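Observations on the three-dimensional arrangement
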Amino acid sequence: MSAPVLAAYSYCEAITGQQARNFAYGIRLLPTPKRRAMSALYAFSRRVDDIGDGTLAPDVKAARLEDTRALLARVRGRSVDEDDTDPVAVALSHTADHFPVPLDGLDELIDGVLMDVRGETYETWDDLKVYCRCVAGAIGRLSLGVFGTEPGARGAERAPEYADTLGLALQLTNILRDVREDAEDGRTYLPADDLAKFGCSAGFDGAYPPAGSDFAGLVHFEVRRARALFAEGYRLLPMLDRRSGACVAAMAGIYRRLLDRIEREPEAVLRGRVSLPGREKAYVAVRGLSGLDARHVSRRTIRRRA
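Heads up: these notes are all about the structure in this document. Just so it is clear, the model here is predicted, and its values are computed rather than measured. (Residues numbered from 1 in each chain as written. Predicted model: local features only at pLDDT ≥ 70, side-chain atom pairs only at ≥ 80, totals over all residues. Heavy atoms only, no water.)

Quick look at the pattern of salt bridges now. Counted according to the given criterion, the structure contains 29 salt bridges. A salt bridge links Asp-126 to Lys-129, with the nearest nitrogen and oxygen atoms 3.4 Å apart. With Asp-126 and Lys-129 both in helix H7 (residues 125-147) and three residues apart, the pair spans about one turn of that helix. Take Asp-126: its relative accessible area is 52%, and that puts it in the exposed class. Using a relative accessible area of 23% as the deciding quantity, one classes Lys-129 as partly exposed. With a closest N to O distance of 3.0 Å, Arg-141 and Asp-164 form a salt bridge. In this pair, Arg-141 is assigned in helix H7 and Asp-164 in helix H8 (residues 159-177), connecting sequence segments 23 residues apart. A residue is classified by how much of its surface remains accessible, and Asp-164, at 6% relative accessible area, is buried. A single salt-bridge network, built from bridges that share partners, covers Glu-66, Arg-69, Arg-76, Asp-104, Asp-107 and Asp-111. (Salt bridge = Lys/Arg side-chain N within 4 Å of Asp/Glu carboxyl O. Helix = DSSP H or I, 4+ residues; strand = E, 2+ residues; numbered from the N terminus. Buried < 20%, exposed > 50% of the residue type's maximum accessible area, 1.4 Å probe, protein only.)

For the rest of this paragraph, the subject is unusual backbone geometry. For Arg-78, which is not glycine, the phi torsion reads 55° and is therefore positive. By the element assignment, Arg-78 lies in the loop between helix H4 (58-76) and helix H5 (87-98).

This next bit is on the layout of surface pockets. Gaps left between atoms are located by rolling a probe of water-molecule size over the structure's atoms. Approximately 1300 Å³ is the volume attributed to the largest pocket. In terms of lining, the largest pocket is formed by 46 residues, of which the most central are Arg-46, Asp-49, Gln-171, Asn-174 and Tyr-255. When contributions to the lining of the largest pocket are tallied by element, the ones reaching two or more residues are helix H3 (32-53), helix H6 (104-117), H7, H8, helix H9 (179-184) and helix H12 (242-264). (1 Å grid on protein atoms, 1.4 Å probe; cavity = no way out; pocket = protein on both sides within 12 Å on 5 of 7 lines; lining within 4 Å. Points joined across faces, edges and corners; volume = space filled by probe spheres on them.)

Here Arg-225 shows up in helix H11 (residues 215-233). A polar contact of 2.9 Å, which involves the side chain of Arg-225, links it to the side chain of Asp-194. The residues contacting Arg-225, other than those within four sequence positions of it, are Trp-125, Leu-172, Pro-191 and Asp-194. (Polar contact = N/O pair within 3.5 Å; in protein donor to acceptor, adjacent residues only side chain to side chain. Contact = heavy atoms within 4.5 Å.)

Spelled out as structure tokens, the structure:
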């Protein structure tokens with residue numbers, strides 16, 4: 001690997017270490033080539049997200065996102081030189097040369113962030129799933145391109161589907177965790193049908209639920225939906241090698257524990273961001289490396305078949 005490419009990966013790893021709160025715990029468990037590749041994917045995705053979350057006018061954001069799409073087209077066309085001035089493009093291009101990552105997934109991410117820029121809202125869960133698949137399911141499928149599946153893994157043809165579903169589970173957990181923060185930014189992600197069902201259509205602009213609402217009922221309803229997605233997505237784990245499975249189990253495990261906390265105290269999400277202490281994240285990472293989650297999923301799958 002040339003010095004410019006190494007420097008580009010180092011840049012991406014620095015971004016990941018500084019900004020990826022939960023993601024970084026998982027990718028530390030990967031061998032160096034896969035860790036670097038995941039950092040390149042994260043750095044590009046972070047750039048897209050930062051445009052969407054920034055303070056620029058919507059039309060300027062849309063133009064910046066299209067510029068980023070044009071850069072992605074250069075990566076796809078293998079027209080980024082090793083001495084290019086954009087280290088993220090250099091690292092991503094090298095990753096695409098060495099791993100079968102479906103770069104169209106990054107186009108989907110840009111599409112999803114454009115939905116945010118346009119201020120789209122979602123009437124039903126089916127509507128919200130489209131958004132979640134763009135901003136998170138696509139990342140799951142991109143990550144699978146880096147991880148790969150074990151030779152001869154049973155049902156491996158469904159691995160992209162499971163990776164996508166796991167991305168949906170993580171994104172729905174994010175939406176629950178950030179419901180107050182998103183409301184302050186003028187964004188509503190939870191389906192309007194669900195909000196109406198539990199008397200929460202007035203939104204979440206304070207530290208308390210709307211008067212007369214069943215906010216706890218809403219949260220528990222969405223938690224059950226997220227748990228079902230996790231259960232389906234976890235079927236990916238036995239298809240991965242040990243360290244890739246550990247990475248996925250660590251990242252997903254952190255979000256599942258966040259979901260547990262949100263379920264125990266729904267109104268906490270209205271008072272501030274719910275998070276896990278570092279020692280608990282480290283424990284989840286160690287558990288993932290041990291393979292406990294993958295073995296549990298394998299046993300459960302075998303029982304179902306029996």
